[in-house]
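# Topology and contacts: notes
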Amino acid sequence: MTDGRDFILKGNICYSKDVKSLETVEQGFLVCRDGKSAGVFEEIPEQYKDYPVKDCGNMMIIPGLVDLHIHAPQFAFRGLGMDLELLDWLNTNTFPEEAKYKDLEYAKKAYEIFAEAMKKSGTTRACIFGTIHNQATELLMDLMEETGIKSMVGKVNMDRNSPDYLREQDAQQSEQDTLQWLERTSAKYKNVKPILTPRFIPSCTDDLMERLGRLRKERELPVQSHLSENQGEIQWVKELCPDSQSYSDAYDKFGLLGEAGETIMAHCVYLTEEEMELIKARGTYIAHCPNSNTNLSSGVAPIRTFLEKGLNVGLGSDVAGGSGESIFRAMADSIQTSKLRWRLQDDSLKPLTVEEAFYLGTAGGGSFFGKVGSFEEGYEFDALILDDSSLRHPQPLTLRERLERFIYLSDDRHITGKYAEGVKVF
Ligand code: GUN
Ligand code: FE
């Protein structure tokens, strides 16, 4: 045995191989070999006979969940101030709260709460926004490292259109701070990596975007931002970028949509056909955040269209636009909002199915991190052990039915084990 990352979990195993179907194996064996899945089996294969077996009884075993979009500093006001649309919400609730992270003592208090919640959640991979503050963002990275979850964390860039108290002096200063933050954090962690994080077009001057685009290319860094979330925002971007063909093009001009899947764009509610083509050509990931899009009355993104076109899509909680960090909740919300879209807006796009929502929250977003989000051989071993025994029912249920109920009915208390890359988180 190489290290503690060779073992077998026995239980009721569910995972996706593709967006349409769910694989279920009752009382199967999931083999972890050196932190990677060696596959799911009905019987233990000969070569793994000496691996220790953890018997999970009647519990379910599924891949760890992937949150492609969450704001750590906004966790403090989750569930508050939900009665505004995006731009007013940013000015009224978000910017004043994020400004507090200049104070490291406050940041420590708040980020400890965030990191603990992430640890207990079903999430094993997350892409996280910090604030513009270098020190607080490094502190957030320190705390995320300790959770054992694999994450990408971004120091936010913003040098225009926000109050003095939450705006960087200019593009040069913003770039300099970013370089210094990269210097300190790039090689510091096992579980955490930095990700470039221009907040969105309205927050960043062309000068800053150009610098970040260059940095992305030179250092081969991933990028996360927001795109096409709200009608008022889209109109504003049109005014700010009269020379761009579209909101997506305003990023692409600076190479910030990536070239082959290096960028995540949250929301994408109102993309045009041309923008979808561009997003597809760049391999850009779309973080679908249905709970946020509901709370902020943003709209419902046409996920069925994205899937049909073969775009990369995963789920995001988008706390605090989204009111909680649960990706199970994001799965249910993605189904429910797609039904309302179908009923009220466009009956040509059929609602999402449980299989599709489960795929989005696991393998769909997971591929941003590499071979993540499935139990097929060679995938990194991210797994959850789910105890649904307290979600009582009188009738027999199939494994697929148990998973569906879990998506709608569970909370963190029903997650009894979690592994990231073969290492036990709890
Ligand atoms: N667009 C720019 N900043 C934000 C943010 O913090 N949350 C959401 N939902 N959208 C944004
Ligand atoms: Fe967001």
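First, a word on scope: everything that follows refers to the structure included in this document. What you see is a predicted model, and the numbers here were worked out from it, not measured in a lab. For every chain, the first residue of the written sequence is number 1, and numbering continues from 1 onward in sequence order. As they are written, the chains are lettered A onward and the ligands numbered 1 onward, keeping that order. Residues qualify for local features only when their pLDDT is at least 70, as the model is predicted, and side-chain atom pairs are given and counted only at 80 or more; totals for whole chains, interfaces and linings, by contrast, use all residues. Only heavy atoms go into the side-chain values, all of them from the structure, while hydrogens and water stay out.

Our next topic: the site of ligand 1. Residue proximity to a molecule or strand is established when one non-hydrogen atom of the residue lies within 4 Å of it. Taken together, His-71, Gln-74, Leu-86, Trp-89, Leu-90, Arg-199, Phe-200, His-226, Glu-229, His-267, Ser-292 and Asp-318 form the complete shell of residues around ligand 1. Definition of a polar contact: a pair of N or O atoms within 3.5 Å, with one able to donate and the other able to accept a hydrogen when the atoms are protein atoms, and with sequence-neighbouring residues admitted only if both atoms are side-chain atoms. Glu-229 places a side-chain nitrogen or oxygen 2.7 Å from a nitrogen atom of ligand 1. Notes on ligand 1: free accessible area 280 Å², of which the protein chains cover 100%. Runs of E in the DSSP output that reach at least two residues are strands. Runs of H or I that reach at least four are helices, and both are numbered from the N terminus. Ranked by the residues each element gives to the shell around ligand 1, the list is headed by helix H1 (residues 86–99), at three residues. Considered class by class, the residues forming the shell around ligand 1 number four nonpolar, five polar and three charged. What sets the accessible areas is the Shrake-Rupley method with a 1.4 Å probe; for residues, cover comes only from the shown protein chains. Residues are grouped as follows: Ala, Val, Leu, Ile, Met, Phe, Trp, Tyr, Cys and Pro are nonpolar; Asp, Glu, Lys and Arg are charged; all remaining types, including Gly, are polar.

One face of the sheet, then the other: side chains in a regular strand alternate in exactly this way. Among the five residues in strand E7 (residues 150–154), five count as buried, and that is most of the element. The two faces of E7 match: Lys-150, Met-152 and Gly-154 on one face and Ser-151 and Val-153 on the other face are all buried. Pairing between strands requires that DSSP locate at least two bridges from one strand to the other. Strand direction decides the pairing type here: strand E6 (residues 123–129) and E7, joined by five bridges, are parallel. Opposite Ile-128, over in E7, you have Val-153 as the bridge partner. Throughout, right-handed denotes a crossover for which the path from the first strand over the helix to the second runs clockwise when the strands point away from the viewer. Chirality of the crossover, the property in question, places the unit of E6, helix H3 (residues 134–147) and E7 among those that are right-handed. Alignment of E7 against strand E9 (residues 192–194), held across three bridges, turns out to be parallel. The residue bridging Met-152 from the neighbouring strand is Lys-193, located in E9. Relative accessible area decides the class of each residue, using a 1.4 Å probe on protein chains only: under 20% of the type maximum gives buried, over 50% gives exposed, and in between gives partly exposed.

Right, let's talk about helix H2 (residues 104–120) for a bit. Helix length check: H2, at 17 residues, gives a terminal C-alpha distance of 24 Å against a target of 24 Å (1.5 Å per residue), a fit within 8%. Within the span of H2, buried status applies to Ala-107, Ala-110, Tyr-111, Phe-114, Ala-115, Ala-117 and Met-118. Those residues of H2 that are buried lie in contact with strand E5 (65–71), E6, H3 and strand E16 (415–420). With a side-chain oxygen positioned 3.0 Å from the backbone nitrogen of Glu-105, the residue opening H2 is Asp-103. The length a helix should cover is 1.5 Å for every residue beyond the first. When checking whether two residues touch, look at their non-hydrogen atoms; a contact exists if any pair is within 4.5 Å.

Between 30 and 60 degrees the pair is tilted, below 30 it is stacked and above 60 it is edge-to-face, where a pair is any two Phe, Tyr or Trp rings, Trp via its six-membered ring, whose centres lie within 6.5 Å. Scanning all chains against the criterion turns up 15 aromatic pairs. Where Phe-41 meets Tyr-48, the ring centres are 6.4 Å apart and the plane angle is 40°; that geometry is what we call tilted. Judged by relative accessible area, which is 23%, Phe-41 ranks as partly exposed. Centroid distance Tyr-247 to Tyr-251: 5.8 Å. Interplanar angle 10°. Geometry classified as stacked. Placement of the pair is Tyr-247 and Tyr-251 together in helix H7 (residues 247–252), with a separation of four residues, close to one helical turn. By the ring-pair criterion, three or more aromatic residues cluster together here, those being Phe-7, Tyr-15, Phe-375, Phe-381 and Tyr-419. Arg-343 extends its terminal NZ or CZ atom over the ring of Trp-342, reaching a point 4.7 Å from the ring centre. Either the NZ atom of lysine or the CZ atom of arginine qualifies as a charge over a ring when it sits within 6 Å of the ring centre and within 35 degrees of the ring normal.

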